[in-house]
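Chain by chain, the residues run as shown.
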Amino acid sequence: MNERMIELNREGDIAVIEPVVARLDASVAPAFRQEALAAISDGGRRVVVDLKRVEFMDSSGLGALVSILKALGGGAMAVCNAGPSVTSLLKLTRMDKVFAIEPGRAEALARLGR
Amino acid sequence: MRAPFIRETVIDVPPRLDALSEFAADLHAQLQALLPAGLEEIEGHAIELALWEALTNIARHGYREAPEGAWLRITWRERPGAVEVDVQDAGSPIPANVLREKSSTPERDPDDLDALPESGMGLAIIHAAFDEVQYATAEGVNTLRLVKRLPTTP
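Residues numbered from 1 in each chain as written. Chains lettered and ligands numbered in written order. Predicted model: local features only at pLDDT ≥ 70, side-chain atom pairs only at ≥ 80, totals over all residues. Heavy atoms only, no water.

Student: Any details on the interface of chain B and chain A? Residues and values, ideally.
Tutor: Tallying the contact residues gives 28 residues for chain B and 28 residues for chain A. At the junction of chain B with chain A, the criterion picks out 3 salt bridges. Where the side of chain B that touches chain A is concerned, the elements lending two or more residues are α1 (17–34), α2 (41–62) and α4 (122–129) of chain B. In terms of residues, the side of chain B that touches chain A owes the most to one element, α2 of chain B, which gives 10 residues. (Contact = heavy atoms within 4.5 Å. Salt bridge = Lys/Arg side-chain N within 4 Å of Asp/Glu carboxyl O. Helix = DSSP H or I, 4+ residues; strand = E, 2+ residues; numbered from the N terminus.)

Rendered as structure tokens:
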């Protein structure tokens, strides 16, 4: 599968990663993880993950978000535009305590000091 | 004696990860039609997510993506005051230690990055989404039985 999984934008030194799939599930999570990690391989320490196009995410997609957080090595990550299904996943797994969750991209960027 | 079911719906599911993903929209539509009134929206999302986790776990670990003669089935039963869902397959059973160790979601410490899981969250999601979770293997068939109790109306 060679389909692109993310759209990448930069806001200053913040990488904004937007998955372009409606389902971030086990079938695409490894490719998403690989692309997202490549996007921050330049040593970036601040990342926003904008989930506005993601209607459904499973534990594999969530695991990929954890991989990004770990790759930042103590840097900061915010997640925004999580829909009701993704919000349910974050609560069930208690990952809502781990990620900085903001309603929209502007708030997420502000959270990271932009 | 168990209470009789009101309605039973069987959904046969493709047992491969790639085919499962293609089947996801169909499964979503069927579950939307089956979810009983009275459940909160977030509970409906949780049930769909938990079933998805069960199915992908079976495709990946039970059948290891080599499903010669494999099959995978959801049986959805409406019972008085509850929904009961069986997920059945004939792949390798979930090991007992995994069933034991992955049955709950630990508290998360955002400062302890090493402790955060990148995988293996599926069973805990299933436990969090349903009120009862049972697992048994008989005559080569694994049955994951999930029960969601419905709110009682005053």
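Once the structure has been displayed, the description carries forward.
Student: Which residues make up the packing of aromatic side chains, and what values do they have?
Tutor: Overall, the coordinates contain 1 aromatic pair over all chains when judged by the stated rule. When the ring of F56 of chain A is compared with that of W52 of chain B, the centres are 6.0 Å apart and the planes differ by 85 degrees; the resulting orientation is edge-to-face. Within this pair, whereas F56 of chain A is found in strand β5 (residues 56–57), its partner W52 of chain B is found in helix α2, the two belonging to separate chains. Of the two residues examined, F56 of chain A and W52 of chain B, each falls in the buried class. The ring of W52 of chain B has R23 of chain A lying over it, and the distance from NZ or CZ to the ring centre is 4.4 Å. (Phe/Tyr/Trp six-rings, centres within 6.5 Å; stacked < 30°, edge-to-face > 60°. Buried < 20%, exposed > 50% of the residue type's maximum accessible area, 1.4 Å probe, protein only. Lys NZ or Arg CZ within 6 Å of the ring centre and 35° of its normal.)

Student: Tell me about the layout of surface pockets, and name the residues and values.
Tutor: Within this model, the largest pocket holds a volume of roughly 680 Å³. Residue composition of the lining of the largest pocket, grouped by class: 17 nonpolar, 13 polar and 7 charged. (1 Å grid on protein atoms, 1.4 Å probe; cavity = no way out; pocket = protein on both sides within 12 Å on 5 of 7 lines; lining within 4 Å. Points joined across faces, edges and corners; volume = space filled by probe spheres on them. Nonpolar A, V, L, I, M, F, W, Y, C, P; charged D, E, K, R; others polar.)

Student: Report on the sheet that holds strand β5 (residues 141–149) of chain B, specifying residues and quantitative values.
Tutor: Residue and element names in this part refer to chain B. In space, the 5 strands of this open sheet follow the order β1-β2-β3-β5-β4, with antiparallel pairing throughout. Of all strands in the sheet, those with a lone pairing partner are β1 (7–12) and β4 (132–138), marking the two edges. On average, adjacent strands in this sheet sit at an angle of 15 degrees to one another, irrespective of strand direction. Sheet topology places strand β3 (residues 82–89) next to β5; 8 bridges connect them, and they run antiparallel. Bridging from a neighbouring strand, V83 pairs with K148 of β5. Together, β1 and β2 (72–79) form the strand contacts of α1, whose direction differs from that of β1 by roughly 175 degrees. (Pairing = 2+ DSSP bridges. Axes fitted to C-alpha atoms, helices over the stretch in contact; angles between N-to-C directions.)

Student: Which residues make up the pattern of salt bridges, and what values go with them?
Tutor: Scanning the entire structure with this criterion turns up 23 salt bridges over all chains. Of the charged contacts in the structure, one is a salt bridge between K70 of chain A and E118 of chain B, with a shortest N-O distance of 3.2 Å. Here K70 of chain A is found in helix α2 (residues 59–71), whereas its partner E118 of chain B is found in the loop between α3 (96–101) and α4 on a different chain. Using a relative accessible area of 32% as the deciding quantity, one classes E118 of chain B as partly exposed. As a salt-bridge pair, R149 of chain B and E132 of chain B come within 3.0 Å of each other at their nearest N and O atoms. Of this pair, R149 of chain B sits in strand β5 while E132 of chain B sits in strand β4; the two residues are 17 residues apart in sequence, bridging distant segments of the chain. Under the relative-accessibility criterion, R149 of chain B is labelled partly exposed at 46%.

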